[in-house]
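Analysis of the macromolecular model
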Amino acid sequence: MGGVLEMTREEFEELVAEALDRIPPELTRLMDNVAVFVEDEPPAEDPDLLGLYEGTPLTDRGEWYAGVLPDRITVYRNPTLRMCETREDVVAETEVTVVHEIAHHFGIDDERLHALGYG
C-alpha cells in the first residue's frame, strides 16, 4: 500500500463546498445557525474521526434557543486522506461525512444514519 493521498487544504475545502452544494435546496433552507469548517486533524482522543457536529439539533431547540453561537460542523482532512486510496474515494467519503454531520443538525442519530448507509 502506498502513502497518504496528497491533497491540499484548498482542494479538500473545495470538495466539502461541492458536497454542501449537492445537499437539496429544500434541506439547506431548513438549516439554521450552522457553520461548516475544515480542520486538518481531529481531537487527539479520536484520531480516525472524519467529521464532528457540535451544537443543538433543530429537533431539540425550543423557545430558549436565541442568541447562541452557530452549530459547528467540522470535516477533518487528514483522516479522510489516510483512509482513501483515490481522489474519487475522497470525494465520496467527504460527501458521506458532510451528509452525516448535517443529519445530526436535523436530529438524526448515528444508528439511523448507519441504517441509511451514511455511517
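Residues numbered from 1 in each chain as written. Predicted model: local features only at pLDDT ≥ 70, side-chain atom pairs only at ≥ 80, totals over all residues. Heavy atoms only, no water.

An unreviewed UniProt entry annotates the protein chain as Possibl zinc metallo-peptidase of Streptomyces rimosus subsp. rimosus.

1. A few points about the overall build of the protein chain
Where we set the bar: In this text, helices come from DSSP runs of H or I with a minimum length of four residues, and strands from runs of E with a minimum of two, each type numbered from the N-terminal end. Within these notes, the globule rule equals 2.2 Å times the number of residues to the 0.38 power, and the radius of gyration is based on C-alpha atoms. The classification of residues rests on relative accessible area computed with a 1.4 Å probe and restricted to protein chains. Under 20% of the type maximum is buried, over 50% is exposed, and intermediate values are partly exposed. Note on contacts: a residue pair is in contact if any heavy atoms of the two residues lie within 4.5 Å. Surface accessibility follows the Shrake-Rupley procedure with a 1.4 Å probe radius. Residue values consider only the protein chains on display as shielding. Neither His nor the chain ends contribute to the count of charged residues, in which Lys and Arg are positive and Asp and Glu negative. Each charge is placed at NZ for Lys, CZ for Arg, CG for Asp and CD for Glu.
Secondary structure summary: the protein chain contains 5 helices and 3 strands in total. Listing every helix and strand of the protein chain by position from the N terminus yields α-α-β-β-β-α-α-α. Here the C-alpha atoms of the protein chain give a radius of gyration of 15 Å, agreeing with the 14 Å that 2.2 N^0.38 yields for 119 residues. Across its three principal axes, the protein chain shows a C-alpha extent of roughly 50 × 30 × 30 Å. The proportion of buried residues among the 119 residues of the protein chain is 33%. A fraction of 74% describes how many contacts in the protein chain between residues 6 or more apart in sequence connect residues 24 or more apart. For the protein chain, the exposed area adds up to about 7,200 Å²; of that, 51% sits on carbon and sulfur atoms. Of the side-chain charges in the protein chain, 9 are positive and 28 negative, and the distance between the mean point of each set is 3 Å.

2. Concerning helix α1 (residues 9–21)
Defined as follows: Take the number of residues in a helix, subtract one, and multiply by 1.5 Å to get its expected span. Within this analysis, the arc is defined by the directions that extend from the helix axis to the C-beta atoms.
The end-to-end C-alpha distance of α1, which contains 13 residues, comes to 18 Å, matching closely the 18 Å that a straight helix rising 1.5 Å per residue would cover. What α1 keeps buried is the set Phe-12, Leu-15, Val-16 and Ala-19. Buried residues of α1 fall within an arc of 100° about the axis and therefore sit on the same side. Projecting away from the buried face of α1 at angles above 90 degrees are the exposed residues Glu-10 and Asp-21.

3. Topic: unusual backbone geometry
The phi torsion at Asn-33 lies on the positive side, around 60°, for a residue other than glycine. Among the secondary structure elements, Asn-33 is positioned in the loop between α2 (25–28) and β1 (34–39).

4. A closer look at the sheet that holds β1
Applicable threshold: Paired strands, as defined in this entry, are two strands with at least two bridges between them according to DSSP. Every axis in this analysis is a line fitted to C-alpha atoms, fitted for helices over the stretch in contact. Angles between the N-to-C directions lie between 0 and 180 degrees.
Ordered in space as β1-β3-β2, the 3 strands form an open sheet in which the pairing is mixed. The two strands at the open ends of the sheet, each matched to only one other strand, are β1 and β2 (51–54). Averaged over neighbouring strand pairs, the angle between their axes works out to 15° when direction is ignored. Helix-sheet contacts for α1 involve β1 and β3 (71–76), and the interaxial angle to β1 is about 150°. Sheet contacts for helix α4 (residues 87–105): β1, β2 and β3; angle to β2, the most-contacted strand, approximately 15°.

5. Describing the layout of surface pockets
What counts, and what does not: Space inside and on the surface of the protein is sampled on a 1 Å grid over the protein atoms alone, with a cavity defined as a set of points where a 1.4 Å probe fits but cannot get out and a pocket as an open set with protein on both sides within 12 Å along at least 5 of 7 lines; lining residues have an atom within 4 Å of a point. Grid points are joined across faces, edges and corners, and a volume is the space filled by probe spheres set on the points. Here the nonpolar group is Ala, Val, Leu, Ile, Met, Phe, Trp, Tyr, Cys and Pro; Asp, Glu, Lys and Arg are the charged ones; every other residue, Gly included, is treated as polar.
As a volume, the largest pocket reaches approximately 210 Å³. Forming the walls of the largest pocket are 14 residues, and the residues nearest its centre are Ile-23, Leu-27, Val-99, Ile-102 and Ala-103. Breaking the lining of the largest pocket down by element, the ones donating at least two residues are α4 and α5 (110–116). Looking at the lining of the largest pocket, the element that brings in the most residues is α4, giving 4 residues. In terms of residue class, the lining of the largest pocket is built from 12 nonpolar, no polar and 2 charged.

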